[in-house]
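# Descriptive analysis of the structure
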There are 2 protein chains.
Amino acid sequence: MARKPSLTGFPEWLPAERVVEQHVLDTLRRVFELHGFSNIETRAVEPVAQLLRKGEIDKEVYGISRLQDDAASKEDPHALALHFDLTVPFARYVVENAGYLHFPFRRYQMQKVWRGERPQDGRFREFTQADVDIVGEGTLPFRYDVELALVIAEALQALQLGEFRLRVNNRKLSEGFYCGLGVEDTAAVLREIDKLEKIGAEKVAEALIGQGLSREQAEAALALASIRTEDASFVEQVRALGVEHPLLEEGLDELSQVITAAAGAAPGKVVADLSIARGLDYYTGTVYETVLLGHEKLGSICSGGRYESLASNGKRSYPGVGLSIGVSRLISRLLADEVLTASREVPTAVLVALPAAEDWQRAQEVARALRGRGIATEVMATAEKFGKQIRHADRRGIPYVWFLGTDGAGDQVKDIRSGEQVDADAATWAPLAEDLAPQVGPSRADDAPEAR
Amino acid sequence: MARKPSLTGFPEWLPAERVVEQHVLDTLRRVFELHGFSNIETRAVEPVAQLLRKGEIDKEVYGISRLQDDAASKEDPHALALHFDLTVPFARYVVENAGYLHFPFRRYQMQKVWRGERPQDGRFREFTQADVDIVGEGTLPFRYDVELALVIAEALQALQLGEFRLRVNNRKLSEGFYCGLGVEDTAAVLREIDKLEKIGAEKVAEALIGQGLSREQAEAALALASIRTEDASFVEQVRALGVEHPLLEEGLDELSQVITAAAGAAPGKVVADLSIARGLDYYTGTVYETVLLGHEKLGSICSGGRYESLASNGKRSYPGVGLSIGVSRLISRLLADEVLTASREVPTAVLVALPAAEDWQRAQEVARALRGRGIATEVMATAEKFGKQIRHADRRGIPYVWFLGTDGAGDQVKDIRSGEQVDADAATWAPLAEDLAPQVGPSRADDAPEAR
């Protein structure tokens, strides 16, 4: 983002930047749909009471109220607010529509969310999330935890962002290990371990001892968190620590399944990382985080896990597994670092030039023929000098200018980059395949966009 | 919408309904991009002061405020509110980014907007609009008014909604005519004529006379408003009314250009209708409305016009021409009347069945091969009886079930609708073209969705 947004925390993209964002969203959509995920959208607002159920995040919520009404208050049971993630609304949607859905229900959802946070680098007040989840009714086979890792690895590979690591752990493994160590408040240990990357092992050790762990217990917990492998060899490393517990065994088995399947499908991309804790309380098994190599400061670009109860309507509970990609944050970084760039800012491949004002109708017919074959085409509105019409195309990155034949001569088309001009028939001519639509990919030095 | 939304005025679609909505949005995107329109999105919020500039719509605006802050007030210069259309934010975006845009700037925008209106049939508090505009810097050739009519006619034809009429008029024509009649407050006459369809000619005549028009003037204004033609013959009909004014001539010429060009490109779809007034003050020339035949009660599904000044930064003004489609309202009706239906609710074309739990990895390999060739594929997570696995596919509308070969036999695939089962290789087999993705189209009696 070269420009500053006029409202801090509410990013807006220029057309060429939006081409990159669209490409990211289209790529995610394609991969998710190839894996059989249905798209849904939920409304932007939820009852305030619903959003504040977990108690801890009220400071981030934007209430809405009609300007001439009294303001929304937390106490008003009818008060509405903007959703701050896609998980809470999805949970409500599942419970509300359970009778119309088929379980396990595979859905993806790509929408804006709002958080009234203090804006800072990469933290927005309005941003797009892309969530992908599989939710069961009553039960959900563990196999889906494995599948989700494969889906996300494939999606991130398709995005061509460069090297990434999907780091996977399992809450049962960590909690079982802490239980085996004789620790009682395992959730407290997880919360401290979650800070490892931020504050370092020494400070975490101190904090754990502050929680009542012995130095040996703290060191064992840290030893567990230091294990990272690209295959199932983490199992032996954990066993070598000499701790035993049935829940630990279950966790080891589950994590092995994820890592082994992923090692075949996406070698090196999906790794066991026993330091991953995820702060949120509702995860109960597999937890995922993703780091983009070279962009570690971005934090996890894609996180999630298994939850035993996404939602419950009293009679029935809905366990699930899913991940969420912080699209705006990712795009913002990709654009700033020119990791992905668009080859042009307009969809247009061909500009039909206008020899004279009265040729407009003829020009429209050529354009119609080209569009009918999937070639995005614009027609000049005024018959300016050809040089000016070519500059019109050039400024927008439109690669071809079409010249209508005059005095019985046939039409011609010019590639304005090479200057090559050839005879052309609107019924048969086609641009180079890579010119058909804006290309988005890793930027190359020789076609970097002009500095602004 | 068979179900009632849990919040009145905030519609949400089931997966099969969302397939229809996606199809509509994808079709609009395709047509707009083929015509060289770039996509942008603007933030959902604007300063309250900006939204209330026109004074008249404050009752419909949703203010937002962080729950622990003081409520948004109209007086607070920093107060924010949700946008109620895409025109006001687009105007701001153009002025703010003018230095980075290329004019004439062709853009389309498809986003949610919010209005705190009393919800009623087809009136939502949250809904999606699709806007398409061309905006110039300083000036904008009239040709774009003609082009926009062609773009919209093509988009509506591509949507296969059935018969529609894009009804076009020109403010210069009407106002010039009223001036020629000797009427002074032409805007007041336009406002009365705008009610014609709602209250009838007699009441409009009374209202016009109440405005100070003579009976002859009122009758002439109504005679003008009764003219409807599919070609430029409206010109002679207007001339026969014996009124003269230079502005009238200009309007007749402009409207002729639109109707003549459209009669060639979309015969019968784009008609001159001299009753079209459009309530909004900012239109200065061409005005458009669209009626879906057989769904007249929906009102105009797509409206817009030419404005001489979308926005201005003091030094420069930005004239434009554009239209807006009320997507949610349209979808809601299309779904209720089953004008468009989806052939299935999931993207999945193939379900790979699981003979035994240990075949899961093999099944994933088949799925990967199929997906690699663009065939959306799911794998069963549990090795239930085949009958149960087939029912799993059937309930979701997945047309094919893949059976892994056992004991050295090759794989087979079954079309579960016909029961036909054939040998298949994941590297070469393909489904019928119409089974590759959910098909959306006019519903046929023989594949109507089950009643819910």
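About the cut-offs
Residues numbered from 1 in each chain as written. Chains lettered and ligands numbered in written order. Predicted model: local features only at pLDDT ≥ 70, side-chain atom pairs only at ≥ 80, totals over all residues. Heavy atoms only, no water. Contact = heavy atoms within 4.5 Å. Buried area = accessible area lost by both parts, 1.4 Å probe. Salt bridge = Lys/Arg side-chain N within 4 Å of Asp/Glu carboxyl O. Polar contact = N/O pair within 3.5 Å; in protein donor to acceptor, adjacent residues only side chain to side chain. Helix = DSSP H or I, 4+ residues; strand = E, 2+ residues; numbered from the N terminus. Nonpolar A, V, L, I, M, F, W, Y, C, P; charged D, E, K, R; others polar. Least-squares fit on C-alpha atoms with pLDDT ≥ 70 in both. Phe/Tyr/Trp six-rings, centres within 6.5 Å; stacked < 30°, edge-to-face > 60°. Buried < 20%, exposed > 50% of the residue type's maximum accessible area, 1.4 Å probe, protein only.

This part is about the interface of chain A and chain B. Between chain A and chain B, the residue contacts involve 88 residues of the former and 88 residues of the latter. Of the roughly 7900 Å² buried at the junction of chain A and chain B (both faces included), carbon and sulfur atoms supply 55%. Broken down residue by residue, the surface that chain A buries against chain B is led by Glu-12, Leu-67 and Arg-143 of chain A, which jointly contribute 10%. Summed over the shared surface of chain A and chain B, the number is 10 salt bridges. Across the salt bridge formed by Arg-92 of chain A and Glu-12 of chain B, the nearest N and O atoms sit 2.8 Å from each other. Here chain A is connected to chain B by 43 residue pairs in polar contact (both at pLDDT 80 or more). For the side of chain A that touches chain B, the element with the highest residue contribution is helix H1 (residues 15–34) of chain A, accounting for 7 residues. Across the side of chain A that touches chain B, the residue classes break down as 40 nonpolar, 21 polar and 27 charged.

With that out of the way, let us pick up the relation of the copies chain A and chain B. Laying chain A over chain B is done by rotating through 180° and shifting 0.0 Å along the axis; what remains is an RMSD of 0.0 Å. Seen this way, the second copy is the image of the first under a two-fold rotation axis. The C-alpha atom lying nearest the rotation axis in chain A is that of Ile-64 of chain A; the distance is 2.2 Å. In this assembly, 100% of the residues forming the interface of chain A have copies in chain B that are likewise at the interface, indicating an isologous arrangement.

Attention now moves to the packing of aromatic side chains. Going through the model one piece at a time under the given rule, you end up with 21 aromatic pairs over all chains. With a centroid separation of 5.4 Å and an interplanar angle of 35°, the aromatic rings of Phe-103 of chain A and Tyr-318 of chain A are classed as tilted. Within this pair, whereas Phe-103 of chain A is found in the loop between helix H3 (87–97) and strand S5 (105–114), its partner Tyr-318 of chain A is found in strand S12 (residues 317–326), the two being separated by 215 residues in sequence. Each of the two residues, Phe-103 of chain A as well as Tyr-318 of chain A, counts as buried. Centre to centre, the rings of Phe-90 of chain B and Phe-105 of chain B are 6.2 Å apart; their planes meet at 35°, and the pair counts as tilted. In this pair, Phe-90 of chain B is assigned in helix H3 (residues 87–97) and Phe-105 of chain B in strand S5 (residues 105–114), connecting sequence segments 15 residues apart.

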